[in-house]
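So you can see what is in the structure, the chains are spelled out below.
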Amino acid sequence: MKKSASGKVSSSDGAAPIPTTRVLVVEDSESSRAAICEHLRDEQFEPEEAENGAIGVEKFEAGSFDLILMDIRMPTMDGYEAIRRIRAWEQAHHLARTPIIAFTASSLEEDVERAREAGADLHVAKPVKREALATAIRSLLRSEDEGGAIASS
């Protein structure tokens, strides 16, 4: 696979370009962000980093992303508020809903429910395990490709 200057990935056999999947990674821990971004690059995704919710919202409004990975517990603006602002911005601009995976160290039902109420599509417990993240991403992107509703779990 080769990536062109336009950000498209094409196979070496000259097949049509495959659009790059852009992922916004909003996480305050630099080491966690680096590990997640490395995994995303290994999976041929194009990550963009934000170190807190406020920066994540700014980057979302300025760019175009296929998926958002949102830490919940962050300084400046937590993930719940960032998700609510992203959802409000999408609605105000009549945009399709961008899939959001929330992650926290807590897997208590009330934290998972609170993330859903804010507008997250899925919740993944921290520490984020590579396979759990890959499974969540594949399920959300598959749901989007099929045009179906995104299931929360």
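The rules behind these values
- Starting from 1, residues in each chain are numbered consecutively following that chain's sequence as written.
- Totals for whole chains, interfaces and linings use all residues, but because this is a predicted model, local features are given only for residues with pLDDT of at least 70 and pairs of side-chain atoms are given and counted only at 80 or more.
- Excluding hydrogens and water, the side-chain values take into account all heavy atoms of the structure.
- Whenever Lys or Arg places a side-chain nitrogen within 4 Å of a carboxyl oxygen from Asp or Glu, that contact is recorded as a salt bridge.
- The numbering of helices and of strands both runs from the N terminus, where a helix is a DSSP run of H or I of at least 4 residues and a strand a run of E of at least 2.
- A 1.4 Å probe rolled over the protein chains alone gives each residue an accessible area, and that area as a share of the maximum for its type sets the label: buried under 20%, exposed over 50%, partly exposed in between.
- For helices, the axis comes from a line fit to the C-alpha atoms of the stretch in contact; other axes are also lines fit to C-alpha atoms, and the angle between any two N-to-C directions lies between 0 and 180 degrees.
- Oblique is the label for every angle not falling under 35 degrees (roughly parallel), over 145 degrees (roughly antiparallel), or within 65 to 115 degrees (roughly perpendicular).
- Left-handed describes a crossing whose near helix is turned anticlockwise from the far helix by less than a right angle; the clockwise case is right-handed.
- The contact rule is simple, with two residues in contact once any of their heavy atoms fall within 4.5 Å.
- By the convention adopted, Pro, Cys, Tyr, Trp, Phe, Met, Ile, Leu, Val and Ala count as nonpolar, Lys, Arg, Asp and Glu as charged, and the other residues, Gly among them, as polar.
- Between N or O atoms, a polar contact is any pair within 3.5 Å; within protein, one atom must be a potential hydrogen donor and the other a potential acceptor, and residues adjacent in sequence are included only when both atoms are from side chains.
- Residues grouped as a nonpolar core are buried Ala, Val, Leu, Ile, Met, Phe, Trp, Tyr and Cys residues, joined through side-chain atoms within 4.5 Å.
- Any Phe, Tyr or Trp ring, taking Trp's six-membered ring, that has another such ring centre within 6.5 Å forms a pair; planes under 30 degrees apart are called stacked, those over 60 apart edge-to-face, and the others tilted.
- Placement of a positive charge over a ring is assigned whenever Lys NZ or Arg CZ falls within 6 Å of the ring centre and within 35 degrees of the normal to the ring plane.

Draft legend 1. Inspection of the pattern of salt bridges at higher detail. Applying the stated criterion across every chain yields a total of 16 salt bridges. Between Arg97 and Asp121 there is a salt bridge, with the nearest N and O atoms lying 3.0 Å from each other. Of this pair, Arg97 sits in the loop between helix H3 (79-92) and strand E6 (100-104) while Asp121 sits in the loop between helix H4 (109-118) and strand E7 (122-125); the two residues are 24 residues apart in sequence, bridging distant segments of the chain. One salt bridge in this structure joins Arg138 and Glu131, with 3.0 Å as the shortest N-O distance. Using a relative accessible area of 39% as the deciding quantity, one classes Arg138 as partly exposed. Members of the salt-bridge network, linked through shared partners, are Arg22, Glu46, Glu48 and Lys59.

Draft legend 2. Local environment of the side chain of Thr98. Positionally, Thr98 belongs in the loop between H3 and E6. Taking relative accessible area as the criterion, Thr98 reaches 8% and is therefore assigned buried.

Draft legend 3. Representation of the packing of helix H2 (residues 53-62) against H3. Between H2 and H3, the shortest axis-to-axis distance is 9 Å and the interhelical angle comes to 20 degrees. It follows from the interaxial angle that H2 and H3 lie roughly parallel. The hand of the H2/H3 crossing is right-handed. Residue-level inspection shows Gly53, Val57, Phe60 and Glu61 of H2 in contact with H3, the latter providing Ala82, Arg85, Ile86, Trp89 and Glu90. In the contact of H2 with H3, the residues fall into five nonpolar, one polar and three charged.

Draft legend 4. The side chain of Asp71, seen in detail. Mapped onto the elements, Asp71 comes out in strand E5 (residues 67-71). Using a relative accessible area of 2% as the deciding quantity, one classes Asp71 as buried. At a separation of 3.3 Å, a polar atom in the side chain of Asp71 contacts the side chain of Lys126. Ignoring sequence-local partners within four residues, the contact set of Asp71 consists of Val26, Glu27, Asp28, Gly79, Phe103 and Lys126.

Draft legend 5. Expanded view of unusual backbone geometry. Here the amide bond leading from Lys126 into Pro127 is cis, since omega sits at 0 degrees, within 30 degrees of zero. A positive phi angle, close to 70 degrees, is found at Thr76, a residue other than glycine. Notably, His94 is not glycine yet its phi reads approximately 55 degrees, a positive angle. Residue position: His94 is located in the loop between H3 and E6.

Draft legend 6. Structural context of the nonpolar core. Formed by 21 residues in total, the largest nonpolar core has its most connected members in Leu24, Val26, Ile68, Met70, Ile83, Ile86 and Ile100. Put simply, the parts of the chain that give this core at least two residues each are strand E3 (21-26), H2, E5, H3, E6 and H4. Of the residues forming this core, the biggest block, four residues, is contributed by H3. If we skip the residues at most four places from it in the chain, Val26 touches Ala50, Asn52, Gly53, Gly56, Ile68, Leu69, Met70, Asp71, Met74 and Phe103.

Draft legend 7. Fine view of the packing of aromatic side chains. This structure, assessed with the given rule, holds one aromatic pair. Consider the rings of Phe60 and Trp89, whose centres lie 5.8 Å apart with planes at 80 degrees: the pair is edge-to-face. With Phe60 in helix H2 and Trp89 in helix H3, this pair connects stretches of sequence that are 29 residues apart. Taking NZ or CZ as reference, Arg22 lies 4.5 Å from the ring centre of Phe65, over its face.

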